[in-house]
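One letter stands for each residue in the lines below.
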Amino acid sequence: MSETEYKRKYTFGEDYGTSFYKFGPITCGERPEVIENRGYFPDESMIMFQLMGRPREVVIGDEIAQFLGAKEELAERLVYPMRNGVIERDDERAWRVVEEITRYGLERFRPKTDPSFQGFYVCASLSAVAPRYMYERLFDIHRRIDEETGLVKAVTIIPQPLAVAIAHKTPTCVVIESGHGNTQVCPVSRYPVRRAIVALNRGGGDANAITSQILYDAGYGDLAREETIVRMVKEAVGLVPRDLDEAVRAAKAEPERFRAVVKIPGTRITIDLGEESWARFLIGEYVFNPKHELFQSYFSRGMPKPKDVKIGDVLFRGMLDFGEAIVEAVERCPVELQPHLYHKVLLSGGNFQWKVPPEFEGVAVDSATKIKLLLREKGVEGVSVEMAKEPKFSVWRGCIIYGYAVPDRFEWSWEHMEGWMKFRP
Amino acid sequence: MIVMEGLRKAVEEWSASRGLRPLSQEELGLPDGSPDMAFSGPKGITFVLLLGEKALGDRRYFMEVVMRASSLRDKCNFLYLAAPKLVAPFVDTEVLKKHGIGLLVVGDEGVVEALASPYRPISAGRQEKAPQVSLEALNEVLSRLSALEERLSALEREVLSVRPALSELSALRGLGEQVRALSARLDALTRRVDALSASLARPTALTAPTAPSPPTTPPSAGQPELEGLPSFFKDNPWLEILARRGQDEVPA
């Protein structure tokens, strides 16, 4: 069987997202399988475990539901390894979850009877800001799994923005991937331009933080602490303003038109922001540009300001607006490449899924338009900004194409951070 | 809540539905300890031990049931723990499996065989003492040992003589790698030739020669190699770009 024929059956994609792990072979077609990227560490002091022997150290997938106990316990025992896109070098519990999830994914697609099967060509994808030790650990995990199961013929790791660009058939572009905890801006020109990557310490979680503060101000202090409710309110009433000052003025002038009311399904709870409904524009603005003066009053009342933080070797900037971040990333690239990069900006990730209700057109805008406006403020015109189609699966699709197309003979190079890593002689 | 009587009844119904006949304590004839329930069937003897909801809070009780199960394993062909649904999630099936014990989960919908018990033959008893080792047998073992030592020395001599041939073989391994590399390059070339022939076959390419061509040649949708692959492969210029990885480009 030729390499191409083999890869048509046994190319395998793995996307380690902040909330979900998307995985599966090329034969899955358009969509991979999805499980939550999390693991539960059962309490080993439980009487049953003492008597019947140690349980599995970490539980993943649907089985977690059987173990969930009190809320207080969840924070300690339920681990989301990729919450920030970067796992600390010595966060052993997070790495255990990654290993268990990876093993589960590969075992799930083990061919039943095929004597020609020698393992998958696995293409995994990590955050663009993942440091080198994350690559090393992930290779180690695949090596161990291969030693135990024979399921990995070769493995490679690519940054998520490169996978997005591949899935969208765009060799030259800027990819902005914005998840729950952070945002990565990565120029791509046939390769990810690693030295130009800009990382932001801001994501969907920050929009939740300001939504919580708005609920508190509107008299819903009790609900402001419930993460699920806060997220539902953000998704239901949050808007991205074309211009924040104008949007707030319009909302205050016509409070009934902009009134934000949310009914929580399956409960008796109805949230009505009433006179505070203008604040719904703050939710979207905060994601794109937290520097507006309106946010100062929130910071002074104790809402944490997005800070510059260093995770691993990477500095995540707190207060840079998205326009500045794109300009900074592009300007780290060669001048002649810059116009081509501005020509196509791809937005990917759950944090760009903002709706524009028809009645608010003109005042509220979608993510692509907001990015264009921010870039225009910086003097960058003629930009094409696109939302990734099916953003949930685009990284996995990029992995599949990469794994299929990159030749087997191209061996892993730590210098270029590309190629196939093989563990067998 | 399922009390012990409920458990017992549910297991009785389950066993009856499988054609198993209940066995009395007299029929069992086990003076050292007996199971909560026992059945006889065409495949052999089945024992069942009931694990009540008391196990959730009473460590001693739970321990006793497990110990009893363990002590009865070689006295029956099939052995099960029967537990209410509430208790079942706390029982580690991996450990049960290891010890050849099955698990019956009893809920409102009846009995579910969550883990099948493997068949094990009933032990004839362990009363017989180890046989005495005779001097003759000992001598025979010693003579076989010396024969084995001789064979080992002969094998060592063989290995030493084969070593030069092995080093020649390792030189050939390099040749194998070269052949593999050539085969991979041939694959890539085949892909590119397919892409080129497909694009030449398209009439538009002939009728509109002045149209600006894209910087890379994406594989055609009609390319036989891509047939049956997901839609995101169609007209994807990255296929061509990635196929050249490791040949002529280096990342920025």
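Residues numbered from 1 in each chain as written. Chains lettered and ligands numbered in written order. Predicted model: local features only at pLDDT ≥ 70, side-chain atom pairs only at ≥ 80, totals over all residues.

### Description of the overall build of chain B
Item 1. For chain B, the helix and strand inventory stands at seven helices and six strands.
Item 2. In chain B, which comprises 252 residues, the share counted as buried stands at 23%.
Item 3. Across chain B, the fraction of contacts at a sequence separation of at least 24, relative to all contacts at a separation of at least 6, is 48%. (Helix = DSSP H or I, 4+ residues; strand = E, 2+ residues; numbered from the N terminus. Buried ≥ 20, exposed ≤ 12 C-beta atoms within 10 Å, placed from the backbone. Contact = placed C-beta atoms within 7 Å.)

### Section: the overall build of chain A
Item 1. Looking only at helices and strands, chain A has 15 helices and 17 strands in total.
Item 2. The buried share of chain A, reckoned over its 425 residues, is 49%.
Item 3. Here the analysis covers contacts within chain A between residues at least 6 apart in sequence; of these, 70% occur between residues at least 24 apart.

### Comments concerning the sheet that holds strand β5 (residues 102-107) of chain B
Strand pairing within a sheet occurs via backbone hydrogen bonds; the two strands may be parallel or antiparallel.
All names here are of chain B.
Item 1. Strand order in the open sheet formed by six strands is β1-β2-β3-β4-β5-β6, and the pairing between neighbours is mixed. Of all the strands in the sheet, the pair left with one neighbour each is β1 (21-22) and β6 (110-115).
Item 2. Where β5 meets β6, five bridges bridge the pair, whose relative direction is antiparallel. By the bridge assignment for β6, G107 is matched with G110.
Item 3. In the packing of helix α3 (residues 59-72) onto the sheet, the strands contacted are β3 (44-50) and β4 (78-84), and the crossing angle to β3 comes to about 170°. (Pairing = 2+ DSSP bridges. Axes fitted to C-alpha atoms, helices over the stretch in contact; angles between N-to-C directions.)

### As for the nonpolar core
Item 1. If you look at the biggest cluster of nonpolar residues, it comprises 132 residues, and the most contacted ones within it are V174, I326, I401 and Y402 of chain A.
Item 2. A total of nine residues in this core trace back to one element, the largest contributor, which is helix α15 (residues 391-405) of chain A.
Item 3. If you look at the next biggest cluster of nonpolar residues, it comprises 33 residues, including F39, L51, Y80 and F90 of chain B. (Core = buried A, V, L, I, M, F, W, Y, C linked by C-beta atoms within 7 Å.)

### A short note on helix α8 (residues 227-237) of chain A
All names here are of chain A.
Item 1. All of the buried residues along α8 are I229, V230, V233, K234 and V237. Taken down its axis, α8 places every buried residue within 140° of arc, on the same side. When the buried face of α8 is taken as reference, the exposed residues oriented beyond 90 degrees from it are E227 and T228.
Item 2. Those residues of α8 hidden inside the fold are in contact with α7 (204-217), β12 (261-263), β13 (270-272) and α10 (280-288). (Arc of directions from axis to C-beta.)

### Thoughts on the environment of K7 of chain A
Residue and element names in this part refer to chain A.
Item 1. Turning to its location among the elements, K7 is positioned in helix α1 (residues 3-10).
Item 2. K7 gets classed as buried once you count the C-beta atoms within 10 Å, which come to 24.
Item 3. It is 7.9 Å that separates the C-alpha atoms of K7 and G403, two residues lying 396 residues apart in sequence.

### Here's the deal with the confidence of the model for chain B
Residues and elements named next belong to chain B.
Item 1. Mean pLDDT over chain B stands at 76; residues scoring 70 or higher make up 76%.
Item 2. Within chain B, the lowest mean pLDDT, 34, falls on helix α6 (residues 203-207), and the highest, 94, falls on helix α7 (residues 238-243).
Item 3. Between residues 126-131, whose pLDDT stays under 50, and residues either more than four places distant or in other chains, the model counts zero contacts.
Item 4. Predicted confidence is poor over residues 202-222, with pLDDT under 50, and the contacts of this stretch with residues over four places away or in other chains come to 26 contacts.
Item 5. The ipTM for the predicted assembly is 0.87, set against a pTM of 0.64. (pLDDT = per-residue confidence, 0-100.)

### Comments concerning the pairing of strand β6 (residues 120-126) of chain A
Residues and elements named next belong to chain A.
Item 1. Most of β6 sits inside the fold, with seven of its seven residues counted as buried.
Item 2. What you see with β6 is no split at all: F120, V122, A124 and L126 on one side and Y121, C123 and S125 on the other are buried throughout.
Item 3. Bridge count for strand β1 (residues 11-16) against β6 is five bridges, and the pairing is parallel. In the sheet register, G13 faces β6, and the bridge partner there is C123.
Item 4. Sheet topology note: the β6/strand β7 (residues 152-159) ladder contains seven bridges and is parallel. Note on β7: the bridge partner recorded for S125 is I158.

### Description of the environment of A243 of chain B
Item 1. Within the element layout of this structure, A243 of chain B appears in helix α7.
Item 2. Taking C-alpha positions, A243 of chain B is 9.2 Å from L189 of chain B, a pair spaced 54 residues apart along the chain.

### Brief notes about the sheet that holds strand β2 (residues 20-25) of chain A
Residue and element names in this part refer to chain A.
Item 1. The five strands are arranged β3-β2-β1-β6-β7 in an open sheet whose pairing can be described as mixed. Bordering the open sheet on either side are β3 (33-36) and β7, each of which pairs with just one other strand. In this sheet, adjacent strand axes meet at a mean angle of 20° when their direction is disregarded.
Item 2. With respect to the sheet, helix α5 (residues 132-149) is in contact with β6 and β7, its orientation differing from that of β7 by roughly 160°.

### Focus: unusual backbone geometry
All names here are of chain A.
Item 1. In the Ramachandran plot, K169 falls in the positive-phi region, its phi being about 60° despite a non-glycine side chain.
Item 2. Within the secondary structure, K169 sits in the loop between α6 (160-167) and β8 (172-178).
Item 3. Unlike most non-glycine residues, M417 shows phi in positive territory, near 55°.
Item 4. Take M417: it is sitting in the segment after α15.
Item 5. Classification of M417 by C-beta neighbours within 10 Å gives partly exposed; the count is 17.

### Quick look at the packing of helix α12 (residues 322-331) of chain A against helix α14 (residues 367-377) of chain A
Residue and element names in this part refer to chain A.
Item 1. Between α12 and α14, the shortest axis-to-axis distance is 8 Å and the interhelical angle comes to 65°. On the basis of the axis angle, α12 is roughly perpendicular to α14. Considering the relative orientation of α12 and α14, their crossing is right-handed. For the pair formed by α12 and α14, the contact residues are F322, G323 and I326 on the first element and I371, L374, L375 and E377 on the second.
Item 2. Its residues assigned to classes, the contact of α12 with α14 comprises five nonpolar, one polar and one charged. (Parallel < 35°, antiparallel > 145°, perpendicular 65-115°, else oblique. Left-handed = near helix turned anticlockwise from the far one by under 90°. Nonpolar A, V, L, I, M, F, W, Y, C, P; charged D, E, K, R; others polar.)

### Quick word on the packing of α6 of chain A against α15 of chain A
Residues and elements named next belong to chain A.
Item 1. Axis separation between α6 and α15 bottoms out at 7 Å; the angle between their running directions is 80°. The angle between α6 and α15 places the two elements in the roughly perpendicular class. On α15, the residues that touch Q160, L162, A163, V164, I166 and A167 of α6 are S394, V395, R397, G398, C399, I401 and Y402.
Item 2. Taken together, the residues of the contact of α6 with α15 sort by class into nine nonpolar, three polar and one charged.

### A closer look at α10 of chain A
Item 1. For α10 of chain A, the tally of buried residues reaches nine of nine residues, placing the bulk of the element in the interior.
Item 2. Taken residue by residue, α10 of chain A has R280, F281, L282, I283, G284, E285, Y286, V287 and F288 of chain A as its buried positions.

### Things to note about the environment of G85 of chain A
Residue and element names in this part refer to chain A.
Item 1. By secondary structure assignment, the location of G85 is in the loop between β5 (78-79) and α4 (92-108).
Item 2. Sequence separation between G85 and S127 is 42 residues, and the spatial gap between their C-alpha atoms is 5.6 Å.
Item 3. Look past the residues within four positions of G85 in its chain and what remains in contact with it is T18, S127, V129, A130, G179, G181 and N182.

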